[in-house]
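So the chains spell out like this:
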Amino acid sequence: MTAPSTSAESTFSYKGIFLFCTAIFFFAVMDTTVKYANETYPPVQVVWARYFFHSVLMAAILLPKHGLQLIKTNRLKMQLIRSIFLLLATVCFFTAVKYVPLADAAALGATSPLFVILFSVILLKEKVNARRWAAVAIGFGGAMIVLRPGMLEVHPALFLVIGTSIFYALYQIATRFLSGIDSPATTITYSALIGTIGMSFVVPFFWVTPDLMGWLMLGVIGFIGGFSHFIIIKAFDYTEASTVAPFQYTQLIWLAIFGYLVFGNFPDNFTILGAVIIVASGLYILYRERQIKGE
């Protein structure tokens, strides 16, 4: 359904892809910093910092332009539900990477598109053909290769990564309901605010007072998270979400590299094989969706 691209449109599309890939790179930097911070601070405190400093950054960038319009929404309940799903996904992932290698967490985290298909059928009553169901099954087969149940002792934190995928998929479903209803600025503001408010009630019970370097590290986590979300919003000014979706898988590559360079963890052959299968199934699902839309 998209019109043939002119040269100007192609330039814009490439700019959108570049911005999106830049955001994915920074998300990988953030996740690496999170794992490092988890060695000193409780995951709950790291999650709080992620949202608190994100809120500070969004206030600095968006508040002067939008004012109180930022919190004006036509779907308050859905904004709250969406934000809670994202918060739960963050809690699960930040806790998991304290205990498991980044590459393993990234490989299992890539199952999120598969859960989107499942929830689209359950919650949205969408029809899914046999080929897409086969892709989902193959993708979950890849997840089992990463987990290898029965072949080795599975760290319980890996199941938190599955929880991350489930909550992130629900977050994406909720985002669909808000598409075209509230502005991206409003949606990203609610994500930051709900996370900050929710974690502020919990973090006092886990608080470890940071030194100067600790505050800088926690601040970097929040600022990178907020800045990366802002870059993604800008990327969608130039291209569609479906165009850049496959590039999200580049995060697996970055996390494998950072995991090796910073922590000395390199994914084994089974993790690499499982990740390849999961990514391939996700790309096939995306391909089928674009075919159905006539793109």
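The rules behind these values
Residues numbered from 1 in each chain as written. Predicted model: local features only at pLDDT ≥ 70, side-chain atom pairs only at ≥ 80, totals over all residues. Heavy atoms only, no water. Buried < 20%, exposed > 50% of the residue type's maximum accessible area, 1.4 Å probe, protein only. Helix = DSSP H or I, 4+ residues; strand = E, 2+ residues; numbered from the N terminus. Axes fitted to C-alpha atoms, helices over the stretch in contact; angles between N-to-C directions. Parallel < 35°, antiparallel > 145°, perpendicular 65-115°, else oblique. Left-handed = near helix turned anticlockwise from the far one by under 90°. Contact = heavy atoms within 4.5 Å. Nonpolar A, V, L, I, M, F, W, Y, C, P; charged D, E, K, R; others polar. Patch = residues over 30% accessible without salt bridge, like charges linked within 9 Å, V, L, I, M, F, W, Y side chains within 5 Å. Areas by Shrake-Rupley, 256 points an atom, 1.4 Å probe, with all protein chains shown as cover. Salt bridge = Lys/Arg side-chain N within 4 Å of Asp/Glu carboxyl O.

J.: I keep staring at helix α4 (residues 102-109) and nothing clicks. Help me out?
T.: For an α-helix, the turn length of 3.6 residues means that residues three or four places apart are oriented alike. Counting buried residues in α4 gives 7 out of 8 residues, a clear majority hidden from the surface. Among the residues making up α4, those that are buried are Leu102, Ala103, Asp104, Ala105, Ala106, Ala107 and Leu108.

J.: For this particular structure, what's the right way to read the packing of helix α3 (residues 76-96) against helix α8 (residues 184-202)?
T.: The description of two helices packed together rests on the angle between their axes and the distance between the axes. Axis separation between α3 and α8 bottoms out at 9 Å; the angle between their running directions is 60°. With respect to α8, the axis of α3 lies oblique. Along this stretch, α3 crosses α8, giving a crossing that reads as right-handed. Of the residues in α8, those touching α3 at Leu76, Gln79, Leu80, Arg82, Ser83, Ile84, Leu86, Leu87 and Val91 are Thr186, Thr187, Tyr190, Ser191, Ile194, Gly195 and Met199. A class-by-class count of the residues in the contact of α3 with α8 yields 9 nonpolar, 6 polar and 1 charged.

J.: Mind showing me how you'd approach the environment of glycine 163 here?
T.: In this fold, glycine 163 is placed in helix α7 (residues 157-178). Classification of glycine 163 as buried rests on a relative accessible area of 13%. Taking the C-alpha atoms as reference, glycine 163 lies 6.4 Å from cysteine 92; in sequence the two are 71 residues apart.

J.: Got a minute to help me understand the side chain of threonine 189 in this structure?
T.: Within the secondary structure, threonine 189 sits in helix α8. Apart from residues lying up to four places away in sequence, threonine 189 is in contact with Leu62, Leu70 and Ile71.

J.: In this structure, what is going on with a nonpolar patch on the surface? I would like to understand it.
T.: A surface patch of nonpolar side chains, amounting to about 1,000 Å² of accessible area, comprises Tyr36, Ile253, Trp254, Ile257, Tyr260, Leu261, Val262, Phe266, Ile272 and Val276. Among the elements of the structure, α11 (250-263) and α12 (269-292) are those that each provide at least two residues to the nonpolar patch. No other element matches the 6 residues that α11 contributes to the nonpolar patch. Structurally, valine 262 can be placed in helix α11. Of the residues examined, valine 262 reaches a relative accessible area of 45% and is grouped as partly exposed.

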